[in-house]
Amino acid sequence: MNLHELEKTNIRDPYNSHEVLYHESPEMFMSICPKTAKLITCNITLCKALGYTSKEIIGKNIFELYDESCHDRVRTLFKGFLKGNIVENEELVVRKKDGNVFPVLLSAKAVRNNKGEILFSNSCWRDITKIKELESSLKKSNQLLNQKVKELAQKNKELEQFAYIVSHDLNTPLRNIKGVLNLIQEDSESDVPPTWNTYFGYINQSVARMERLIDTILEFSKLGVKSEKQLVDPSLILNEVLEDFALEVKEQNVMVCKEKLPKVNGYSVEFHMLLQNLIGNAIKFQNKERTPKIEVGAIDQEGEWMFYVKDNGIGINLEYKHKIFSFFKRVNEDFKGTGIGLAQCKKIVELHGGRIWVERNKDVGSCFYFTIPK
Ligand code: ADP
């Protein structure tokens, strides 16, 4: 705004820009006498905020303007100020004429004569009511969040214990069924109709499948419970996993491309399981029309490593990209499986503080990514 424009406003003395700055500032300014601790002058913003006229407020001792709760602090600050200490962003509480209070940040600077003696202070109050309100609502939200996190952790623990107990207890009746079935088969070897042997076969198959499922649930509920974090070398683990699959890799001519993998802070047994599941799936869900190829690597990202296991297999309909990470969720029934491997992977990655997801491989097949914090 130039002076001509200023003239058109109703500011008292538009030519005296310092006065305008002082009185119309959004901050509260005042000067305090170092000897008497009384207010020598202040701006209009301060008068308005405290509900006094300038006549009423000038000459008041500063202690009359602060809430009693912070008098001790004001005394210490004032003493320090007289000794030359800097007062910067001190949180205090101011009392208005009507008795109401509000929080401020006080900063003060000494104005000295040429002998270095303090003539008065140039002090500034900043009203921080809004900041304090935000702070307190943030605190409340944080408390609520912490409470929810605790409840969730407790629920998770209960659920894991439940899974453990249920799967543990399911084993006993299953063993009984298996035992009794064996006895029936032994006792009635020759005098049962041939179809019965087929039925026995079905029952045995179902029992074996049930055993496998119970074992995987048990394994799932125990993930990370007893493990300790340590420096893990994924390259070594990948070699071990590939040794486990050596027969399939050889028989099915699987081409494996390994990038150098970074060492991470993690749970080694679980990391083994993670790579085992992903590599196992990459081998299992291959497209018979092409030579299976698996690529494993890691990309350096800010704060984390992004590992990937890429294949050129049958690929995944991205409609199921979330579903496949849930327990017992399978998309393709043409391949054998329990539908638990990826749920296990998700739990392991989350145990490490990372994320896991799948994308369609840009050529053919799928690519599983997971992150591990550095
Ligand atoms: P399972 O392999 O026992 O079926 P998972 O939990 O490991 O169980 O996988 C869930 C489903 O995700 C699979 O049934 C399959 O449909 C899909 N899937 C997993 N990995 C791949 C992959 N590499 N390529 C294509 N589909 C996959």
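Chemist: Describe the pattern of salt bridges, listing the residues and the values that go with them.
Modeler: For the coordinates displayed, the defined rule picks out 13 salt bridges. The salt bridge partner of K60 is E64, with a shortest N-O separation of 3.5 Å. Its relative accessible area of 18% is what places K60 among the buried residues. Note on E64: relative accessible area 44%, which makes it partly exposed. Close ionic contact of D300 with K374 constitutes a salt bridge, the shortest N to O distance being 2.4 Å. In this pair, D300 is assigned in strand β9 (residues 293-301) and K374 in the segment after β12 (366-373), connecting sequence segments 74 residues apart. Among the residues examined, K374 registers a relative accessible area of 55% and is labelled exposed. Through salt bridges that share partners, E91, K132 and E135 make up one connected network.

Chemist: Describe unusual backbone geometry, naming the residues involved and giving the relevant values.
Modeler: Phi at A37 takes a positive value of approximately 60°, unusual for a residue other than glycine. Judged by its relative accessible area of 7%, A37 is buried. One non-glycine residue with positive phi stands out, namely N253, at about 55°. Looking at the element boundaries, N253 is found in the loop between α10 (246-251) and β7 (255-258). A residue is classified by how much of its surface remains accessible, and N253, at 57% relative accessible area, is exposed.

Chemist: Give a detailed account of the nonpolar core, specifying residues and quantitative values.
Modeler: A general tendency of soluble globular proteins is for nonpolar side chains to be buried together. The biggest cluster of nonpolar side chains holds 38 residues, and the ones touching the most others in it are F271, L278, I279, I294, F307, F368 and F370. Secondary-structure elements contributing two or more residues to this core are α9 (234-244), α11 (268-284), β9, β10 (304-311), α12 (341-351), β11 (356-360) and β12. In terms of residues, this core owes the most to one element, α11, which gives eight residues. Residues contacting F370, with those up to four places away along its chain left out, are F271, L274, L275, L278, W305, M306, F307, V349, R355 and I356.

Chemist: Could you give an account of the sheet that holds β10, naming the residues involved and the relevant values?
Modeler: Strand order in the open sheet made by the five strands is β7-β9-β10-β12-β11, with mixed pairing throughout. Here the strands that pair on one side only, and so sit at the sheet edges, are β7 and β11. Looking at each pair of strands side by side, their axes are set apart by 20° on average, direction ignored. As judged from the five bridges shared by β11 and β12, these two strands associate in the antiparallel manner.

Chemist: Any details on a nonpolar patch on the surface? Residues and values, ideally.
Modeler: A cluster of nonpolar side chains, namely F162, V166, L170 and M210, defines an oily patch on the protein surface of about 340 Å² accessible area. Sorting elements by how many residues they give to the nonpolar patch places helix α7 (residues 129-187) first, with three residues. Its place among the elements puts L170 in helix α7.

What counts and how
Residues numbered from 1 in each chain as written. Predicted model: local features only at pLDDT ≥ 70, side-chain atom pairs only at ≥ 80, totals over all residues. Heavy atoms only, no water. Salt bridge = Lys/Arg side-chain N within 4 Å of Asp/Glu carboxyl O. Buried < 20%, exposed > 50% of the residue type's maximum accessible area, 1.4 Å probe, protein only. Helix = DSSP H or I, 4+ residues; strand = E, 2+ residues; numbered from the N terminus. Core = buried A, V, L, I, M, F, W, Y, C linked by side-chain atoms within 4.5 Å. Contact = heavy atoms within 4.5 Å. Pairing = 2+ DSSP bridges. Axes fitted to C-alpha atoms, helices over the stretch in contact; angles between N-to-C directions. Patch = residues over 30% accessible without salt bridge, like charges linked within 9 Å, V, L, I, M, F, W, Y side chains within 5 Å. Areas by Shrake-Rupley, 256 points an atom, 1.4 Å probe, with all protein chains shown as cover.

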